[in-house]
Amino acid sequence: MSKVISVANIKGGVAKTTTAANLGVGLARKGKRVLLIDLDPQGSLSLGLGVRKNKELPYTVSTVFQKVINEIEIGEDEGIIHNDEGVDILPSNQSLRVVEQQLDEVMSKEHVFEEYIESVRDSYDFIIIDCNPGVDNLILNALTCCDSVLIPSPPEYLCVEGLQEIIRIVGKVKKRLNRKIKIEGVLLTIVNGRTNIAKDIMNKMEEAYGQHLKIFQTVIPESVKAKEAVANGISVYKQSPKSSVSLAYESFVREVLDNE
Ligand code: ADP
Ligand code: MG
């Protein structure tokens, strides 16, 4: 059985992309067949995993949307980049902004991407979608086609608001667009364990949500290695296998597999 996970949060800068990339590569290192989908016009996931010159790519996730909208068949493997760390990537670039607007004119606009996902689902064990921040047609498509939502969030007061908002939106999507959607869990990211504020907020999150919502045991520490990996277009495992951030993402991957 394949699983489709959307990595989402209303806020930017919370490590959605870093988590999508390192979850994907981490699962591939465990022998899973993984497709990573960049659903953010900024193309950070593509760049962060070594897809250079994404502006010039002839085929991106935008092409997939256009083809579904125009009812043109999509061939197996079409537009997919095979990354040398073992994951498949469907990249994106700025053209996705235009698609986002075009969707307003399309019937059942939230269900467009679902058609594509259903056609590739059986080829993978995990499909991971890296969402853009905010609420727009792209994230609604991601939430409509996925099985679960993974919410990365740093333990900061302002981020708690973003967390509440995404939980509210998932609730609405569950009612109207995707009855099977679940929240995979909240992953605490960019954690600076030395500050009392972080510990205080982590405790408050546990108190407020712990009963209803899984908060992953693993927390991802703040580490310069995470930034270096992105700059080099590789995962944290390749950048620095023994670093705290690399070991933390490995442990998180094990938790996701245990969730199965
Ligand atoms: P989002 O996709 O939510 O906007 P990113 O994954 O792009 O967030 O991360 C935002 C910034 O934080 C990037 O510069 C990234 O390199 C950095 N970052 C992510 N995770 C960590 C971490 N564990 N430690 C330090 N910096 C991190
Ligand atoms: Mg991002």
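Computed from a predicted structure; not experimentally measured. (Residues numbered from 1 in each chain as written. Chains lettered and ligands numbered in written order. Predicted model: local features only at pLDDT ≥ 70, side-chain atom pairs only at ≥ 80, totals over all residues. Heavy atoms only, no water.)

As a matter of local geometry, ligand 1 sits amid 15 residues, with Gly13, Thr17, Thr18, Pro221 and Ser223 nearest to it. Residue Val14 places a main-chain N or O atom 3.0 Å away from an oxygen atom belonging to ligand 1. Relative to its unbound accessible surface of 550 Å², ligand 1 loses 80% to contact with the protein. Breaking the shell around ligand 1 down by element, the ones donating at least two residues are α1 (16-29), β8 (215-221) and α9 (224-232). For the shell around ligand 1, the leading source of residues is α1, giving three residues. Partitioned by chemical class, the residues of the shell around ligand 1 number seven nonpolar, five polar and three charged. (Near = heavy atom within 4 Å. Polar contact = N/O pair within 3.5 Å; in protein donor to acceptor, adjacent residues only side chain to side chain. Areas by Shrake-Rupley, 256 points an atom, 1.4 Å probe, with all protein chains shown as cover. Helix = DSSP H or I, 4+ residues; strand = E, 2+ residues; numbered from the N terminus. Nonpolar A, V, L, I, M, F, W, Y, C, P; charged D, E, K, R; others polar.)

A few words on the nonpolar core. Formed by 51 residues in total, the largest nonpolar core has its most connected members in Ile37, Phe65, Phe113, Tyr116 and Ile129. When residues no more than four places from it in sequence are discounted, the contact partners of Ile129 are Val4, Ile5, Ser6, Val7, Ile37, Leu39, Phe113, Ile117, Ala142 and Cys145. Counting 31 residues, the second-largest nonpolar core is a separate cluster that includes Val51, Leu187, Tyr249 and Val256. (Core = buried A, V, L, I, M, F, W, Y, C linked by side-chain atoms within 4.5 Å. Buried < 20%, exposed > 50% of the residue type's maximum accessible area, 1.4 Å probe, protein only. Contact = heavy atoms within 4.5 Å.)

Turning next to the pairing of β8. On any regular strand, side chains alternate: one points to one face of the sheet, the next to the other face. In the sheet, strand β7 (residues 182-191) pairs with β8 via three bridges, with the strands oriented parallel. Along β8, the bridge assignment pairs Leu188 with Val219. Each parallel crossover has a hand, and for β7 linked through helix α8 (residues 196-209) to β8 it is right-handed. (Pairing = 2+ DSSP bridges. Right-handed = clockwise from strand over helix to strand, strands pointing away.)

Quick look at the sheet that holds strand β1 (residues 3-7) now. If you walk across this open sheet you meet the eight strands as β3-β4-β2-β5-β1-β6-β7-β8, and the pairing is mixed. Looking at the sheet topology across the chains shown, the edges are occupied by β3 (81-82) and β8. Where β1 meets strand β5 (residues 126-131), five bridges bridge the pair, whose relative direction is parallel. Its bridge partner being in β5, Val7 is matched across the sheet by Asp130. On the sheet, α1 packs against β1, β2 (34-39), β5, β6 (148-153) and β7 and is oriented at approximately 165 degrees with respect to β5. Across the face of the sheet, helix α5 (residues 112-120) comes into contact with β1, β2, β4 (88-90) and β5 while running at roughly 165 degrees to β2. (Axes fitted to C-alpha atoms, helices over the stretch in contact; angles between N-to-C directions.)

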